[in-house]
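# Descriptive structure summary
Spelled out, the chains give:
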Amino acid sequence: MAAQHLSAEEAIAEVKDGDTIMVGGFGLVGAPLSLIDALVEQSSAKDLTIISNNVGEPGRGLGLLLRQGRIRKSIASFFTSNPEAVEAASSGVLAYELIPQGTLAEAIRAGGAGIRGFYTPVGAGTDLAAGREQREIDGVLCVLQPPITADVALIYATWGDRLGNLRYRRTAQNFNPAMASAATLTIAEVAELCEPGGIEPESIHTPHLYVNRIVPSTLRLADVPGAGT
Amino acid sequence: MTDARDVIAARAAQELRAGEIVNLGIGIPNRIPGFLDPAVEVFLHTENGLLGVGPRPQPDELDLELIDAGKKPVTLTAGAALFDSAASFAMIRGGHIDTVVLGALQISETGDIANWMVPGGKALGVGGAMDLVVGAKRVIVTMTALTPAGEPKLIPACTFPLTALGVVKVVITEHAVFRFVDGELILTELLGGATEAVVAAETSARYRVALD
C-alpha cells in the first residue's frame, strides 16, 4: 500500500504510553528532527522505550524527550554524548541497555528480516554479555543477540517519493534503513518529496513497502543551534 | 615533536601499508593522517557509514550531513562510498577492515584491551569499540605509557571492564613499540630517546626484549 501523507503531528498521534520507538540518526545527523519535535510538543505519551544510537544531546533531539521524563528505558550504544542521559541512567531514573553499535544495528536489521537471533563474537566475555547465552562456535566465544523490533520507527530521508520510496544522503543514512524495516508503523520524514519515478529505481535505498507514513520535514539540521560543531 | 601524542601518531603512521582499509579511532589516531607518507595511499573507513574519509572541510565545503564517527565534519575522497550502519558493521565484523588504530585505558600482557569505561565510571558509551577490535584483522593501540596519575597502562591483567580478549597486535607509546607474537609480548623498538630502563619503569606487564 502507498504511504499516507500526514503532518508530523497527525503521523505521531497514535503513539501511546508504553510504546517502543526506534529513532534514526547518528547523533543529530540523520535524526528525524521534525518528528522528534512533534513527539516532544504535540504528544503526551510516556513510559516510552527509545531505541536509538544516542539519546540525542542535552536539550536537543531526543534530549528534549528525556528532559520531559517520558523515556522509561533507552537502548543505545553511546549514551555519553548526552551527559543528562548518563546521569539519568546512572541514578536509576532511566532504565537502559547498552549494546555494541554493530550488534545494535544488526539486531535491528535482523528484526526487520525475520532472523530470530544471531551469535556474534562482539562483546563475548565482557560485562555486556552478562545474562546472555554464550557459546563457542569454531573455537570462538560468541554471545546470542536477539532481534530488536519496535511499535514505531521514526526515520529521516533527504529524498522520498509519494509511495514511500526513500533515498538517504551522505552519512545521514546510518540506522535509518534498518529501522525502517523493523517497526510495525514506520513514519518517514522527508526533506524533498517527489512523484513516483522521481528517484531512479536503482538508487532507492528503502523500498516503499517498509514505509507507512510520509511527513514533510519542517525542522532541518541547520536549524538546530550548534549542529555540526 | 615534543608532544607525546604526535610522537605516537607519527610512529603509528609508519605501520600502515599502501592499499590498506583503515579505521581510525578518536584522539591520537586522528592525528595519523598528518604523518602519513603521501606515497602510501590508505582508504579510511568510518563506522557511521563511509569508506573514503577525506580531510576536514574548508569552511566553504562544510556539509552538516557528512561526519565521522567522532561526529566531526569530514570530506569525501574521489571514489568514496556511503552505506548504512548495518552494512558498515558487517564490513567490520566480517573481517574486511585491515587495520584499526585506537586508544586504550589498559592493555594486558595477553593482548586483552579495556578502553570503554573505568570501574564505577559514568562513561556509558561503548559505541563501535567492541565491534572494531574483534572484527579488524590487525588492532594497533596508540596510548601514552602512563595514566595521568602515573600508573602503567600496559599491565599483567586488565582491571577495568574489558572491551575484548586477546585481540591486540601492536602497542605504540611515546617511548616504545610492543608487538604480540604467538601470544607473547615483545618490546621491539624504543622511541623518543627512551632507554630500556625507562620503558621497564613504566610497564608492569611481562615482556621480552627483542629490539629490531
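These remarks concern the structure in this document. Along each chain, residues carry numbers from 1 onward, in the same order as the chain's sequence is written. The naming scheme follows written order: chains are lettered A onward, ligands numbered 1 onward. Restriction of local features to residues with pLDDT of at least 70 applies here, the model being predicted, together with a cutoff of 80 or more for giving and counting side-chain atom pairs; totals for whole chains, interfaces and linings are based on all residues. As a convention, hydrogens and water are excluded, and side-chain values are obtained from all of the structure's heavy atoms.

A separate point is the packing of helix H5 (residues 101–113) of chain A against helix H2 (residues 85–93) of chain B. Viewed as axis vectors pointing N to C, H5(A) and H2(B) meet at an angle of 125°, and their least axial separation amounts to 8 Å. In terms of their interaxial angle, H5(A) and H2(B) are classed as oblique. For the crossing formed where H5(A) meets H2(B), the hand is left-handed. Contacts between H5(A) and H2(B) involve Gln101(A), Gly102(A), Thr103(A), Ala105(A), Glu106(A) and Arg109(A) on the former and, on the latter, Ser85(B), Ala86(B), Phe89(B) and Arg93(B). Gly counts as polar in this scheme, as do all residues outside two lists: the nonpolar Ala, Val, Leu, Ile, Met, Phe, Trp, Tyr, Cys and Pro, and the charged Asp, Glu, Lys and Arg. Class assignment of the residues belonging to the contact of H5(A) with H2(B) gives a composition of 3 nonpolar, 4 polar and 3 charged. Angles run from 0 to 180 degrees between N-to-C directions of axes, and those axes are lines fitted to C-alpha atoms, restricted for helices to the stretch in contact. What counts as a helix is a DSSP run of H or I of at least four residues, what counts as a strand is a run of E of at least two, and both are numbered from the N terminus. By the definition adopted for this analysis, an angle is roughly parallel if under 35 degrees, roughly antiparallel if over 145, roughly perpendicular if from 65 to 115, and oblique otherwise. A clockwise turn of the near helix away from the far one marks a right-handed crossing, whereas an anticlockwise turn of less than a right angle marks a left-handed crossing. For this analysis, residues touch if any pair of their heavy atoms sits within 4.5 Å.

Quick look at the interface of chain B and chain A now. Between chain B and chain A, the residue contacts involve 37 residues of the former and 46 residues of the latter. We define buried area as the total accessible area lost by two parts upon association, computed with a 1.4 Å probe and summed across both. Taking both sides of the interface into account, the surface hidden between chain B and chain A amounts to around 3400 Å²; carbon and sulfur atoms contribute 64%. In terms of surface lost to chain A, no three residues of chain B exceed Glu65(B), Lys71(B) and Leu124(B), which account for 23% of the buried area on that side. The term salt bridge refers to a side-chain nitrogen of Lys or Arg lying within 4 Å of a carboxyl oxygen of Asp or Glu. Applying the counting rule to chain B against chain A returns 3 salt bridges. Arg170(A) serves as the salt-bridge partner of Asp63(B), at 3.9 Å between the closest nitrogen and oxygen.

Okay, the packing of aromatic side chains next. Any Phe, Tyr or Trp ring, taking Trp's six-membered ring, that has another such ring centre within 6.5 Å forms a pair; planes under 30 degrees apart are called stacked, those over 60 apart edge-to-face, and the others tilted. A complete count under the given rule lists 2 aromatic pairs over all chains for this structure. With a centroid separation of 5.6 Å and 75° between ring planes, the pair formed by Phe79(A) and Tyr96(A) is classed as edge-to-face. Here Tyr96(A) lies in strand E5 (residues 95–98) and Phe79(A) lies in the loop between strand E4 (71–76) and helix H4 (83–90), a separation of 17 residues in the sequence. The interplanar angle of 80° and the centroid separation of 5.2 Å between the aromatic rings of Phe178(B) and Tyr207(B) together place this pair among those described as edge-to-face. Taken together, the residues span a long stretch of sequence, with Phe178(B) in strand E11 (residues 176–181) and Tyr207(B) in the loop between helix H4 (196–201) and strand E13 (208–209) at a distance of 29 residues. Exposure classes here rest on a 1.4 Å probe applied to the protein chains alone. A residue is buried below 20% of its type maximum, exposed above 50%, and partly exposed in between. Given the relative accessible area of 23%, Tyr207(B) is considered partly exposed.

All names here are of chain A. Spatially, 3 strands are ordered E6-E8-E7 in an open sheet, and the strand pairing comes out antiparallel. Edge positions in the sheet fall to strand E6 (118–120) and strand E7 (134–137), since each of these pairs with one other strand and no more. Each strand axis lies, on average, 45° off the axis of its neighbour in the sheet, ignoring direction. We call two strands paired when DSSP finds no fewer than two bridges between them. Bridge analysis of E7 against strand E8 (residues 140–145) gives 4 bridges, and the strand direction is antiparallel. Each bridged residue has a counterpart across the sheet, and for Ile137 the counterpart in E8 is Val140. Across the sheet, H5 is in contact with E6 and E8; its angle to E6 comes to roughly 165°.

Through backbone hydrogen bonds, the strands of a sheet pair up, either in parallel or in antiparallel fashion. Residue and element names in this part refer to chain B. Ordered by their spatial adjacency, 3 strands build an open sheet running E7-E6-E9, and the pairing between neighbours is mixed. Every interior strand has two partners, whereas the edge strands, strand E7 (113–114) and strand E9 (154–155), have only one. In the sheet, strand E6 (residues 106–108) pairs with E9 via 2 bridges, with the strands oriented parallel. Of the residues in E9, the one forming a bridge with Ser108 is Ile155.

Let's shift gears to the nonpolar core. The nonpolar side chains of soluble globular proteins are, as a tendency, buried together. All names here are of chain A. Counting residues in each nonpolar core, the largest one holds 48 residues, and the members touching the most others are Ile21, Phe79, Leu154 and Ile187. A total of 6 residues in this core trace back to one element, the largest contributor, which is helix H2 (residues 33–42). With sequence-adjacent residues up to four places away left out, Leu154 is seen in contact with Ile12, Ile21, Met22, Val23, Gly24, Pro32, Leu35, Leu39, Asn176 and Ile187. Only buried residues count toward a nonpolar core, which is a set of Ala, Val, Leu, Ile, Met, Phe, Trp, Tyr and Cys residues joined through side-chain atoms within 4.5 Å. The next biggest cluster of nonpolar side chains, apart from the first, holds 29 residues, and it includes Ala3, Leu104, Phe118 and Ala182.

Opposite charge on two side chains allows them to pair when their charged atoms are near. Under the definition given, this model contains 25 salt bridges over all chains. Residue Arg162(A) pairs with Glu195(A) through a salt bridge whose shortest N-O separation is 2.9 Å. Highlighted residues: Arg162(A) in the loop between strand E9 (150–161) and strand E10 (166–167) and Glu195(A) in the loop between strand E11 (183–194) and strand E12 (213–216), separated in sequence by 33 residues. A residue is classified by how much of its surface remains accessible, and Glu195(A), at 49% relative accessible area, is partly exposed. Arg138(B) is the partner of Glu15(B) in a salt bridge, and the nearest nitrogen-oxygen pair spans 3.5 Å.

Residues and elements named next belong to chain B. Within the secondary structure, Thr75 is located in the loop between strand E3 (50–53) and strand E4 (76–82). From its side chain, Thr75 meets the backbone oxygen of Pro55 in a polar contact 2.6 Å long. Apart from residues no more than four positions distant in its own chain, Thr75 is found in contact with Leu50, Gly52, Val53, Gly54, Pro55, Arg56, Pro57, Glu61 and Leu66. Nitrogen and oxygen atoms within 3.5 Å of one another constitute a polar contact, given that in protein one can donate a hydrogen and the other can accept it, and given that sequence-neighbouring residues count only through two side-chain atoms.

By themselves, these observations are geometric and do not establish any function.
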